[in-house]
Amino acid sequence: MLGARLPHVSRVSCGPGHRGIRDGEFGGVSTAARSVRRRVWDRIAAADPGLLRLMAGLRTVGAIALTLVVLASAGVDVRHLVAGAMAAMVSTFAIREKEPRAQAITLALGLPVALAAVSLAALLHAYVVAGDLFFLVLIFSAVYVRRFGDRGTALGLMGFQVYFASLFVGATGSALPGLYSVFGVAFACSAVLRFAVVRDTPERVLGRLRQAFRARLAQLLSAQLDLLDTAPDGLDDALDDVRRHTARLHESALLIQGRLEEGTRDGAAAALVQRRIAEAEIAAERLGVLVLGARSAERADTLTLHLPGAPAPAVGDRLRARDDVTDALRRDLEALRELVGRPVGSDRGTAWAVVRNRLLGYRDEDGLPAAPAAVQDVFRGIGEAARAVLGLRLALDGPQDESDDTPATARSREELDAEDAAIAGAGGEEDPTGLRRPTTRAAVQVSVGSALAIVGGEFLSSQRWYWAVLTCWVVFINTASTGEILVKGYRRIVGTVLGVVAGAVLAGVVGEHTWTAFALVLVLIFAMFYTAPLSYALMSFFVTAMLGLLYTLLHTYSLSVLVLRIEETALGAACGVIAAALVLPVHTDRRTDELLATVLDRLGEVAQAAVEQLSGGPAVDLLDMARDLDTALDDLRAATRPLTHPITPLRTRRQTARYVVALLETCAYHARSLAATAELVPYSRSIAADPQLKRAGRRIAHNIGVLLAHVRAADGAAGEGRVETGPSIASLLETGGSPVLRSGSVTHRVLRHLQRLDEGVVGLARPLGVDREADGREVRRRAA
């Protein structure tokens, strides 16, 4: 029976509300403690993909701690200890290159840059006007050199931060010899931590990212199990959980994409891993859509999975809480999750082979239960996900045991081997010049904003005006539009206000205990780096709390100083926004329109190439094109955050932005699925090219072209044409009134993706203000 358990397979708790396959039943890990340790580590890896935040925090804190130990043993005073700690921090976190050799070169070049910055800060200490003018030149140069990549960005950041640290500790000409020694020690300690103690290589980082992808994939499958089992009144929460884990899996896939070139031995290996990661992501996302559809009274709209806050559809009666089909479906989802999370080598043995073979058999319709079509689709989706997991394990872990393969499993391996054998290692656009170059524009904007901050900061305090300049500087980092700068400035102010309160409390608790204060500073610095990618407001909170302790160490702490910190922060944020709005501005609307056009362009390329290959056209690198689409969509999602932020007063505009992004995510999902299926055509025995599909893609290509022309019309191009609507894509391929497809077939799935893609593209017309052909009469009536 489908619902019967396999012999020698039992279940234990693997998480809230779920049951998993016990390790010991398969002759694997013998102790429960090791299984618990693995699950805890998987949770950590999933929360921090590649442990990038953890390693950055440990490396920075370790460099600061080692610097403090070395300097304290030499008997330097507290002011030099603070300067050394700040130098160690900036020399560690500024470097972003992935290769150790490149990191060493940047660190070596950073020391003379730091020494030059501290020398000029000390020598110009008594010359206020000259010092301010040089600071502006330094700020412009530090932003301008970002065009030279990671090394230019790091050296510019070191120069600015060291100059700022010199102002903070009050460096003078007489103190230069001691500061030179302190900075030399700080850079040396940074090198020791980076290359000896907390050493990382691209291969190690990529390995941890792979582990994080597996952990997040297992978490997504757990969320889908929750969606299957939850009561109707909890369906909205379960669906939100699936959305969140789907987004986190996508984030891991993008991080791996960015590390493949440096972390793999050759281009072919990188392409193989990229393909397997994409296939696993697509299969898992599709499985979530199918589970939602099986629970729904009607077939679920893919948009429901991508639109935040969208209510779950009404629950249907396709699945019952207690019957053989539901039990079998729950069992197979649990088994798939266990296959994803099993360590290398622990899935050997007959029992695991039986589980794997059963799941892969669903691809060939083997063992499908007598159930509604939507439920059978879930079983087929499990089979496709099992095939993607098999390919992922082969790509990441090497050859697996094939002794117990069934014909269905052997076929899946043959397809994967054929794809692997076919993979081989593969003008760009002209870069903008002059003031159109982003680094040039940002350099001018930051310089103007900093000049305003210097003038305003001097009015607030002639001693600590540089806080306003620092805020103006940081709000321009990793921002590309006025709206992004506004939101970042708001977050910095919120974090600073809360940090002032925390800093006052910590300063009162620490008192005169120097080393207690330094210990707390290290804790706050670690928290700052660990939370920076998650919340800019939280990072600002830890920075400000740390500054309260530093002022305590320098014996300059007072509540008025922390209040001044708030005032200077607000002034710096305001100066940054003013400069961004008035000097070579890049308005949020223009930025989002540019990125929207890029996304539509990439979407059209992927859809057209996938349909062409499914129709028998030449093979192209579709998954690479799909990943370009994902990257463009990720950029658009980031650019629309100012429009969707809670402080945005235009509620309707906020809802429209969210809806458009959700529609584009839905379209991208179906385009990725088409690309993944088209990639199988040259190697699969069950998927054959169908020339009829070319007709199905013409309307989609036309409609994307109309939307693209309309979006670009804002830049002066004329948007012409209307979005076409009409019969379903499937009906276009019917012959003599009888469908040429059977439900559940691969071609049926392809047509379903094409239909959903067509609906998504047409759905974009209304929020973008494009006329639809079928709605022309209504448009004319409203105009009249």
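Conventions adopted
- Residues numbered from 1 in each chain as written.
- Predicted model: local features only at pLDDT ≥ 70, side-chain atom pairs only at ≥ 80, totals over all residues.
- Heavy atoms only, no water.
- Helix = DSSP H or I, 4+ residues; strand = E, 2+ residues; numbered from the N terminus.
- Areas by Shrake-Rupley, 256 points an atom, 1.4 Å probe, with all protein chains shown as cover.
- Core = buried A, V, L, I, M, F, W, Y, C linked by side-chain atoms within 4.5 Å.
- Buried < 20%, exposed > 50% of the residue type's maximum accessible area, 1.4 Å probe, protein only.
- Contact = heavy atoms within 4.5 Å.
- Phe/Tyr/Trp six-rings, centres within 6.5 Å; stacked < 30°, edge-to-face > 60°.
- Patch = residues over 30% accessible without salt bridge, like charges linked within 9 Å, V, L, I, M, F, W, Y side chains within 5 Å.
- Salt bridge = Lys/Arg side-chain N within 4 Å of Asp/Glu carboxyl O.
- pLDDT = per-residue confidence, 0-100.
- Expected span 1.5 Å × (residues − 1).
- Axes fitted to C-alpha atoms, helices over the stretch in contact; angles between N-to-C directions.
- Parallel < 35°, antiparallel > 145°, perpendicular 65-115°, else oblique.
- Nonpolar A, V, L, I, M, F, W, Y, C, P; charged D, E, K, R; others polar.
- Left-handed = near helix turned anticlockwise from the far one by under 90°.
- Disulfide = S-S within 2.5 Å.
- Lys, Arg positive; Asp, Glu negative; His and termini not counted.

**A short note on the overall build of the chain**
Okay, so step 1: Along the backbone of the chain there are 30 helices and two strands.
Okay, so step 2: For the chain, the accessible area works out to roughly 32,800 Å², and carbon and sulfur atoms hold 58% of it.

**Structural notes on the nonpolar core**
Okay, so step 1: One finds Phe 135, Phe 168, Trp 473 and Ile 525 to be the most contacted residues of the largest nonpolar core, which totals 96 residues.
Okay, so step 2: Examining the composition of this core, we find that twelve residues originate from one element, helix 6 (residues 149-169), more than from any other.
Okay, so step 3: With residues near it in sequence (within four places) discarded, Trp 473 still touches Ile 139, Ala 142, Val 143, Arg 146, Gly 156, Leu 157, Phe 160, Gln 161 and Val 446.
Okay, so step 4: Counting 62 residues, the second-largest nonpolar core is a separate cluster that includes Leu 235, Val 273, Ala 280 and Tyr 362.

**Focus on the packing of aromatic side chains**
Okay, so step 1: A full pass over the atoms with the stated rule returns 18 aromatic pairs.
Okay, so step 2: A centroid spacing of 6.0 Å and a plane angle of 70 degrees characterise the contact between Phe 135 and Trp 465, whose relative ring orientation is edge-to-face.
Okay, so step 3: For Phe 135, a relative accessible area of 0% puts it in the buried group.
Okay, so step 4: In this structure Trp 465 comes out as buried when scored by relative accessible area, which is 9%.
Okay, so step 5: Between the aromatic rings of Phe 168 and Tyr 551, the centroid separation amounts to 5.3 Å while the plane-to-plane angle is 45 degrees, which identifies the pairing as tilted.
Okay, so step 6: One aromatic cluster is present, formed by Phe 134, Phe 135, Phe 160, Tyr 163, Phe 164, Phe 168, Trp 465, Tyr 466, Trp 467, Trp 473 and Tyr 551 through successive ring pairs.

**A short note on unusual backbone geometry**
Okay, so step 1: A positive phi is found at Leu 51, a non-glycine position, where the angle reads about 55 degrees.
Okay, so step 2: On the basis of relative accessibility, which here comes to 6%, the residue Leu 51 falls in the buried class.
Okay, so step 3: Within the chain, Leu 584 stands out as a residue other than glycine whose phi angle is a positive 45 degrees.
Okay, so step 4: Within the element layout of this structure, Leu 584 appears in the loop between helix 21 (559-582) and helix 22 (588-614).
Okay, so step 5: The class of Leu 584 is partly exposed, set by a relative accessible area of 32%.

**Digging into a nonpolar patch on the surface**
Okay, so step 1: A cluster of nonpolar residues, Val 36, Val 40, Trp 41 and Ile 44, forms a patch on the protein surface that exposes about 320 Å² of accessible area.
Okay, so step 2: Within the secondary structure, Trp 41 sits in helix 1 (residues 32-47).
Okay, so step 3: Residue Trp 41 is classed as partly exposed on the basis of its relative accessible area, which comes to 37%.

**Notes on the confidence of the model for the chain**
Okay, so step 1: Looking at the chain, the pLDDT average stands at 80 and 80% of residues meet or exceed 70.
Okay, so step 2: For residues 424-431, every residue scores under 50 in pLDDT, and the model assigns this stretch two contacts once sequence neighbours within four places are set aside.
Okay, so step 3: Long-range and interchain partners of residues 775-784, a stretch whose pLDDT sits below 50, account for four contacts in this model, where long-range means more than four residues apart.

**Details of helix 18 (residues 482-510)**
Okay, so step 1: The terminal C-alpha atoms of helix 18 lie 40 Å apart, and with 29 residues this matches the ideal 42 Å at 1.5 Å per residue to within 8%.
Okay, so step 2: Residue Gly 511 follows helix 18 closely and has a positive phi angle near 65 degrees.

**Here's the deal with the packing of helix 18 against helix 21**
Okay, so step 1: One way to put it is that helix 18 packs onto helix 21 with a least axis distance of 9 Å and a crossing angle of 180 degrees. Considering their axes alone, helix 18 and helix 21 lie roughly antiparallel with respect to each other. Two secondary-structure elements touch here, helix 18 through Thr 482, Ile 485, Leu 486, Gly 489, Arg 492, Ile 493, Thr 496, Val 497, Val 500, Gly 503 and Ala 504 and helix 21 through Leu 559, Leu 562, Arg 565, Ile 566, Thr 569, Ala 570, Ala 573, Gly 576, Val 577, Ala 580 and Ala 581.
Okay, so step 2: Looking at the contact of helix 18 with helix 21 residue by residue, the class counts come to 14 nonpolar, six polar and two charged.

**Thoughts on the environment of Ala 610**
Okay, so step 1: Looking at the secondary structure, you find Ala 610 in helix 22.
Okay, so step 2: Judged by its relative accessible area of 0%, Ala 610 is buried.
Okay, so step 3: The spacing of Ala 610 and Leu 674 is 64 residues in sequence and 6.0 Å in space, taken between C-alpha atoms.
Okay, so step 4: What Ala 610 contacts, discounting residues up to four positions off in sequence, is Leu 622, Leu 674, Ala 675 and Ala 678.

**Details of the packing of helix 2 (residues 52-73) against helix 19 (residues 514-531)**
Okay, so step 1: Between helix 2 and helix 19, the shortest axis-to-axis distance is 8 Å and the interhelical angle comes to 155 degrees. Considering the angle they form, helix 2 stands roughly antiparallel to helix 19. Seen from above, helix 2 lies across helix 19 with right-handed handedness. For the pair helix 2 and helix 19, contact is made by Arg 53, Leu 54, Gly 57, Leu 58, Thr 60, Val 61, Ile 64, Ala 65, Leu 68 and Ala 72 and by Trp 515, Phe 518, Leu 522, Ile 525, Phe 526, Phe 529 and Tyr 530, respectively.
Okay, so step 2: Split by residue class, the contact of helix 2 with helix 19 holds 14 nonpolar, two polar and one charged.

**Observations concerning the pattern of salt bridges**
Okay, so step 1: Going through the model one piece at a time under the given rule, you end up with 26 salt bridges.
Okay, so step 2: For Arg 330, the salt bridge identified is with Asp 327, shortest N-O distance 3.0 Å. Of this pair, Arg 330 and Asp 327 both sit in helix 12 (residues 324-341), three residues apart, which is roughly one turn of the helix.
Okay, so step 3: Linking Glu 594 and Arg 590 is a salt bridge whose minimum nitrogen-to-oxygen distance equals 3.2 Å.

**A few points about the state of the cysteines**
Okay, so step 1: Enumeration over the complete set of coordinates arrives at zero disulfides.
Okay, so step 2: Counting only cysteine sulfurs, Cys 472 is the nearest neighbor of Cys 575, a cysteine outside any disulfide, at a range of 6.2 Å.
Okay, so step 3: Take Cys 575: its relative accessible area is 6%, and that puts it in the buried class.

**Let's talk about the environment of Thr 439**
Okay, so step 1: Topologically, Thr 439 is positioned in helix 16 (residues 438-460).
Okay, so step 2: Non-local contacts of Thr 439, meaning those with residues more than four positions away in its chain, are made with Val 143, Tyr 144, Arg 146 and Arg 147.

**Regarding the side chain of Arg 248**
Okay, so step 1: Mapped onto the elements, Arg 248 comes out in helix 9 (residues 235-263).
Okay, so step 2: At 5.4 Å, Glu 251 is the nearest oppositely charged side chain to Arg 248, a buried residue that forms no salt bridge.
Okay, so step 3: If we ignore the near neighbours within four places in the chain, the residues touching Arg 248 are Ala 46, Ala 47, Arg 216 and Gln 219.

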